[in-house]
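Analysis of the macromolecular model
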Amino acid sequence: MFNELHVFLANIWFFIIWLIFFLYIVVDGFDLGVGILFLLNRDEKQRTIMMASLGSIWDANETWLVLLIGALFGAFPLVYAIVLHALYIPVMLMIFALIFRGVAFEFRSHAHNKALWNIAFGGGSLLAAIAQGLAFGGLISGLNVTGAGLNGDWVWLTPFSLLVAVGVVVGYGLLGATYLIVKTEGELQKISIRHAYVNAILGISIGIAVITWTLQLNPYVAARWDAYPSRFSLNFFLGMIGFAFLMLLRALRRGFEKSPFFWSVFIFFASLMGMTIGYYPYMIPSSITLIEAASSSKTLIFMLTGIGFLVPVMLVYNGYQYFVFSGKIRMDEDAG
C-alpha cells in the first residue's frame, strides 16, 4: 500500500515532468520546425536568415531535454529504464541528429560550400523530429511490458508510430512556420504563412486520425472517453483544439504576426492535456502507473530541492533570453 504522502509526491513529480516535456516540445519544436522548413527553401540568403533566427537560442532550447531525462531518471527510474531500453534506436537516432544540426550551426557560416551543412541542419532537424515521433508513437501505443521484460526490440516501429511520426513532423513544421512569421518579414514571412496554412490543415487531419486509431488500439483510453468525469475533460480539450485551430486560421488570414504562434502552442497544450487525461495514471500505457514507477518519498522530496527549484530558474532565464533576442531578422542584415 502506498501512503498518501507518496501518492502526493508522485503526482507532483508527474506534473513537473509533464511541464518540462511540454516546454521541450514547444521550444525545440519550433527549433526543429525551422530546420524542417529549411529543407523546402532553396534561397541561400533566406536559409541564412532562418538559421540566424535560432542562432542565440537553439542550445538553450535543448537544455529542457537534458532536464527531462534527469528528472525522469530520478523520479521514475522504472519508466526511465524501460522506455530508454525499448526506444533505444529512435533515441540514439535523435541524439545523432541533434549533434549534426548543432555542428551545422557552428560551421555553416564559415563554409564556402554550404551544401554539406545545409543537409546536416535540415536533415538533422527532420531526422530528430521523425525519431521523436516514432518514440512517442511507440510509447503511447504500448510497449508490451511483461514480467520477463519487453516483447521484442522493435516494438516502437508500427504503422501507428509511423503516423505519429508524420504528425510530429507536421506539428513541428507548424510551430516553425508561425515562429518565422514573428521573426521575419517580406517574402520569407509570406512563405512561412503559406507553410503555416498547409501544416495546420495537415496537422488537424492527422490528429483526428491518431485519436480515432488510439481509441481502437487502446481499450483503456476508449473506456476513459466513456467514463465520467474524464469524458467531460477529454471532450473539453478536444473542443479547445478545434477552437484554437479556427483561431489560428483566422489569425493567418488577417495577417497577424504573434497570435498564430500562440494558437499553435495552444493546440499542442490542449492535445497533450487530452492525451494525459486519457492515459492517466499510466506512464507506460496499460503496464506501469506513475505510483508504481515512482522513487521513494525521501528521493522525491530530495529532488524537489534540486531539479524542482531549477525549473523556475530556467523559465526566468529562457524568458529573459527570448526578450533580449526579440525582434526581426531582416533580409538586409548580415546573418552569417
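Above this text you will find the structure in question.
Residues numbered from 1 in each chain as written. Predicted model: local features only at pLDDT ≥ 70, side-chain atom pairs only at ≥ 80, totals over all residues. Heavy atoms only, no water.

1. Quick look at the overall build of the protein
To be explicit about the condition: Strands are runs of DSSP state E lasting at least two residues, helices are runs of H or I lasting at least four, and both sets are numbered from the N terminus onward. The globule rule used here is 2.2 Å times the number of residues to the 0.38 power, and the radius of gyration it is set against is calculated over C-alpha atoms. The buried label applies to any residue whose accessible area, calculated with a 1.4 Å probe on protein chains only, is under 20% of its type's maximum; exposed applies above 50%, and partly exposed to all values in between. We call two residues contacting when some pair of their heavy atoms lies within 4.5 Å. Positive: Lys, Arg. Negative: Asp, Glu. His and the chain ends are not part of the count. Working definition for charges: the position is that of NZ of Lys, CZ of Arg, CG of Asp or CD of Glu.
When helices and strands are tallied, the protein shows 15 helices and four strands. In terms of overall dimensions, the protein is globule-like: its C-alpha atoms have a radius of gyration of 20 Å, near the 20 Å expected for 336 residues. Expressed along its principal axes, the backbone C-alpha trace of the protein runs to roughly 65 × 40 × 35 Å. With 336 residues in all, the protein has 49% of them scored as buried. A separation of at least 24 residues holds for 81% of the contacts in the protein among residues at least 6 apart in sequence. In the protein, the 18 positive side-chain charges and the 17 negative ones have mean positions that sit 8 Å from each other.

2. Observations regarding the layout of surface pockets
Filter applied, for reference: The pocket and cavity definitions rest on a 1 Å grid over protein atoms only: a 1.4 Å probe that fits but cannot leave marks a cavity, an open set with protein on both sides within 12 Å along at least five of seven lines marks a pocket, and residues lining either have an atom within 4 Å of a point. Grid points are joined across faces, edges and corners, and a volume is the space filled by probe spheres set on the points. Lys, Arg, Asp and Glu make up the charged group, whereas Ala, Val, Leu, Ile, Met, Phe, Trp, Tyr, Cys and Pro make up the nonpolar group; the residues left over, Gly among them, are polar.
Of the volumes computed, that of the second largest pocket is approximately 650 Å³. Considering the residues around the second largest pocket, the lining is formed by 28 residues, among which Phe30, Tyr179, Lys183, Phe261 and Tyr322 are closest to the centre. For the lining of the second largest pocket, the elements supplying multiple residues, two or more each, are α1 (4-38), α8 (159-183), α12 (259-279) and α15 (307-324). A total of five residues in the lining of the second largest pocket trace back to one element, the largest contributor, which is α1. Its residues assigned to classes, the lining of the second largest pocket shows 17 nonpolar, seven polar and four charged.

3. Looking at the pattern of salt bridges
Stated formally: Whenever Lys or Arg places a side-chain nitrogen within 4 Å of a carboxyl oxygen from Asp or Glu, that contact is recorded as a salt bridge.
The tally for this structure, following the rule as stated, stands at six salt bridges. A salt bridge links Glu62 to Arg101, with the shortest nitrogen-to-oxygen separation between them at 3.4 Å. Placement of Glu62 in the loop between α3 (58-61) and α4 (63-75) and of Arg101 in helix α6 (residues 88-107) is noted, with a sequence separation of 39 residues between them. Take Glu62: its relative accessible area is 14%, and that puts it in the buried class.

4. Observations concerning the nonpolar core
Going by this rule: We call a set of buried Ala, Val, Leu, Ile, Met, Phe, Trp, Tyr and Cys residues a nonpolar core when their side-chain atoms join them within 4.5 Å.
Trp13, Leu54, Trp64, Phe76, Val79, Leu143 and Tyr172 are the most contacted members of the largest nonpolar core, which has 106 residues in total. Sequence-distant contacts of Val79, that is, excluding residues within four places in its chain, are made with Leu72, Leu84, Met283, Ile284, Ile288 and Ala293.

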